Amino acid sequence: MAPHAEDTNGDSQPVNNGEAPLEPGVKKNVAAQGMLNFPRPPKFDDKYKERDYLKGRLAAAFRLFGKYGFDEGVAGHITLRDPVQPDCFWVNPFGTAFSMINKSDLILVNHSGEVIDGGENRLLNQAAYMIHSQVHAARPDVVCAAHSHSIYGRTWCSLGRKIDTLTQDACAFHNDHVVYDSFNGVVLAETEGKAIAECLGGKKAALLQNHGLLTVGHTTIMWFVSLEKCCHSQLMAEAAAASRGEKPIIIGDEEATYTARTVGSHRAGWFGAKPMFDTIHKETGGDYLQ
C-alpha cells in the first residue's frame, strides 16, 4: 500500500485509519455512501413492462451502434434476454440498418433458433443465433451480449493479444477479458458458438481473433464502446511508443484491480452508458420507441 494511505503506530507497523484503499483522505464510509447515491436501473414488478422498457433500450443501443459506425453491411448483433421467457432473446432482424431499427422491428428467438415474435422482417442472422444462444445458455447472469465488426476492435483482434491496462478506462477489462484464438469463418455451427462461450467463461468480453469484439453483461453497451476505444487507444499508443523505441506504460496490477472494482462494475456499466442513451433519445426524438 502507498505510505500516504496508512498511519503507523510506535512500532512503525501500518495502522488502518479508516481510509478507502488507494484513496488518500477519503474515508471508507464516505466512499460507500457516494456509491449509494448513484442512479440505478429501474426495477419492475411486471415482467411485461420490463420487457417493453428493455426492448426500447435495445432499439436505442442499435441507434448508438449506427451513430458510432459499428455497422458493416449486415454484420453485427446485440441480444437481450427476454424477462418474460428467459430462455428466449430479442435481436435485430437480419438486413435492417442499425440506424433505422425501432422497438417494433426487434425479433424474439427461442432456444431452438425459431423466430416466435417480432416485426415484419423476421430474418434471423444465423451467426447471431449460434454465438448468442450459447453465451446466454452458458451464462444465466448475462442479460445483453453485443458483437460487431467495429474498425479498431477487429484491427486489434488481428493481433491475437489481450489489451494491456494502459488507461483508467482499460481497467474495466483488467483480468476480465479473453482472446478466442480461432477463426473458422462465419460462425454457422453450434460447436463454434459453444467454443466461444466456453472461452469467454465468466468474463465480460472476448476478443475474437481475426473477427471482432464480443461484450456481455447486465448491460453491455458501455463495455463495447469502451473496449472499442481501448483498442483504438492502444493501437495509437504502441505506434507512438515504437517510433521512439519505447513501449507504453502499463498500470500496476494492484492499482488496476482496485480501479476495476469501480469502473468495471455492473452499476458503472449502466451509469456510464446513461449519457449515450440520453443523447440518442434527444437526437432522435425517441422515434426508436415506435
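Residue positions are given per chain, counted from 1 along the sequence in the order it is written. For a predicted model such as this one, the threshold for reporting local features is a pLDDT of at least 70, and the threshold for listing and counting side-chain atom pairs is 80 or more; totals across whole chains, interfaces and linings nevertheless cover every residue. Side-chain measures here rest on the full set of heavy atoms in the structure, leaving out hydrogens and waters.

A. Region of interest: the sheet that holds strand β8 (residues 177-180). One open sheet accounts for 8 strands, arranged β6-β5-β4-β3-β7-β10-β9-β8; its pairing is mixed. Single-partner strands in this sheet number two, and they are β6 (115-118) and β8. Across this sheet, the average inter-strand angle for adjacent strands is 20 degrees, counted without regard to direction. One requirement defines pairing of two strands: DSSP has to find at least two bridges between them. A helix here means a DSSP run of H or I that spans at least four residues, while a strand means a run of E at least two residues long, and both kinds are numbered starting from the N terminus. As defined by bridge partners, strand β7 (residues 144-148) adjoins strand β10 (residues 212-217) across 5 bridges and the pair is classed as antiparallel. Within β10, the residue paired with A145 across the bridge is V216. Between two residues, a contact is recorded if the distance between any of their heavy atoms is within 4.5 Å. Throughout, an axis means a line fitted to C-alpha atoms (over the contacting stretch in the case of helices), and angles, computed between N-to-C directions, take values from 0 to 180 degrees. With respect to the sheet, helix α2 (residues 47-67) is in contact with β3 (77-81), β4 (89-91), β5 (107-109) and β7, its orientation differing from that of β3 by roughly 165 degrees. Along the sheet, helix α3 (residues 126-138) contacts β3, β4, β5, β7 and β10; its crossing angle with β3, the most-contacted strand, is approximately 40 degrees.

B. View of the pairing of β8. Between buried and exposed lies partly exposed: a residue is buried under 20% and exposed over 50% of the maximum accessible area for its type, with that area taken using a 1.4 Å probe on protein chains only. Across the two faces of β8 the burial is the same, with H177 and V179 and V178 and Y180 all buried. Relative to strand β9 (residues 205-208), β8 runs parallel, the two sharing 4 bridges. Bridging across to β9, H177 finds its partner in A205.

C. Fine view of the layout of surface pockets. Here the largest pocket defines a volume of roughly 640 Å³. P41, L54, V143, H218 and T219 are, among the 27 residues lining the largest pocket, the residues nearest its centre. Counting residues per element, the ones that place at least two in the lining of the largest pocket are α2, β3 and α8 (266-284). Looking at the lining of the largest pocket, the element that brings in the most residues is α2, giving 6 residues. When residues are sorted by character, Ala, Val, Leu, Ile, Met, Phe, Trp, Tyr, Cys and Pro go into the nonpolar class, Asp, Glu, Lys and Arg into the charged class, and all the rest, Gly among them, into the polar class. When its residues are assigned to classes, the lining of the largest pocket shows 15 nonpolar, 4 polar and 8 charged. Lining residues are those with an atom within 4 Å of a point, where the points come from a 1 Å grid over the protein atoms alone and group into cavities, where a 1.4 Å probe fits but cannot get out, or pockets, open sets with protein on both sides within 12 Å along at least five of seven lines. Grid points are joined across faces, edges and corners, and a volume is the space filled by probe spheres set on the points.

From the geometry alone we can't say anything about function, so treat these as descriptive.
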